[in-house]
Amino acid sequence: MTGDGLHRKLHCLIGDRFAYLGDVWVLIEVLSDTDSVVLRRCEDAGRGNVQQNMYGMPTRRAQDTMTLQISDSAGGGYSDDIMVLLEGRQVGPGVA
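So, how was this worked out
Residues numbered from 1 in each chain as written. Predicted model: local features only at pLDDT ≥ 70, side-chain atom pairs only at ≥ 80, totals over all residues. Heavy atoms only, no water. Patch = residues over 30% accessible without salt bridge, like charges linked within 9 Å, V, L, I, M, F, W, Y side chains within 5 Å. Areas by Shrake-Rupley, 256 points an atom, 1.4 Å probe, with all protein chains shown as cover. Salt bridge = Lys/Arg side-chain N within 4 Å of Asp/Glu carboxyl O. Helix = DSSP H or I, 4+ residues; strand = E, 2+ residues; numbered from the N terminus. Core = buried A, V, L, I, M, F, W, Y, C linked by side-chain atoms within 4.5 Å. Buried < 20%, exposed > 50% of the residue type's maximum accessible area, 1.4 Å probe, protein only. Contact = heavy atoms within 4.5 Å. Pairing = 2+ DSSP bridges.

A. The arrangement of a nonpolar patch on the surface in detail. A cluster of nonpolar side chains, Met54, Tyr55 and Met57, forms an exposed patch at the surface whose accessible area comes to about 440 Å². Along the chain, the position of Met54 falls in the loop between strand E4 (49–52) and strand E5 (58–62).

And the structure:
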């Protein structure tokens, strides 16, 4: 499967929740140009990192995000990280 096909299939999952690395994450973006997806941690209340301005002064709390590589090293399928992420997809009432 080509990289474009892999990316297209993931676009329909934007907004879905996934159990990954012991937390619940939301898929917020598929970046075709960098062959990656961006996840945002769901339960961010009070857990966010303090973001500093250009002078090093803390200004606000930022949400935890993570990027994962989409394609495997051979370029023919999904990476192991994406496969683990997809296994943790949460489906049911109240889940976007």
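B. Local environment of the nonpolar core. Formed by 16 residues in total, the largest nonpolar core has its most connected members in Leu10, Tyr20, Val37, Leu39, Leu68, Ile70 and Leu85. No other element matches strand E2 (residues 23–31), which puts 3 residues into this core. Setting aside its immediate chain neighbours within four residues, Val37 contacts Leu10, Leu27, Glu29, Val30, Met66, Thr67, Leu68, Ile70 and Ile82.

C. Representation of the pairing of strand E3 (residues 36–41) within the structure. Burial analysis of E3 places 5 of its 6 residues in the buried class, the great majority of the element. Bridge count between E2 and E3: 6 bridges; the pairing is antiparallel. Pairing of Val30 across the sheet is with Val37, part of E3. In this structure, the hairpin formed by E2 and E3 is closed by a connection of 4 residues, where Asp35 is found at a positive phi of approximately 55 degrees. Pairing of E3 with strand E6 (residues 65–69), which is carried by 5 bridges, proceeds in the antiparallel orientation. The residue bridging Ser36 from the neighbouring strand is Gln69, located in E6.

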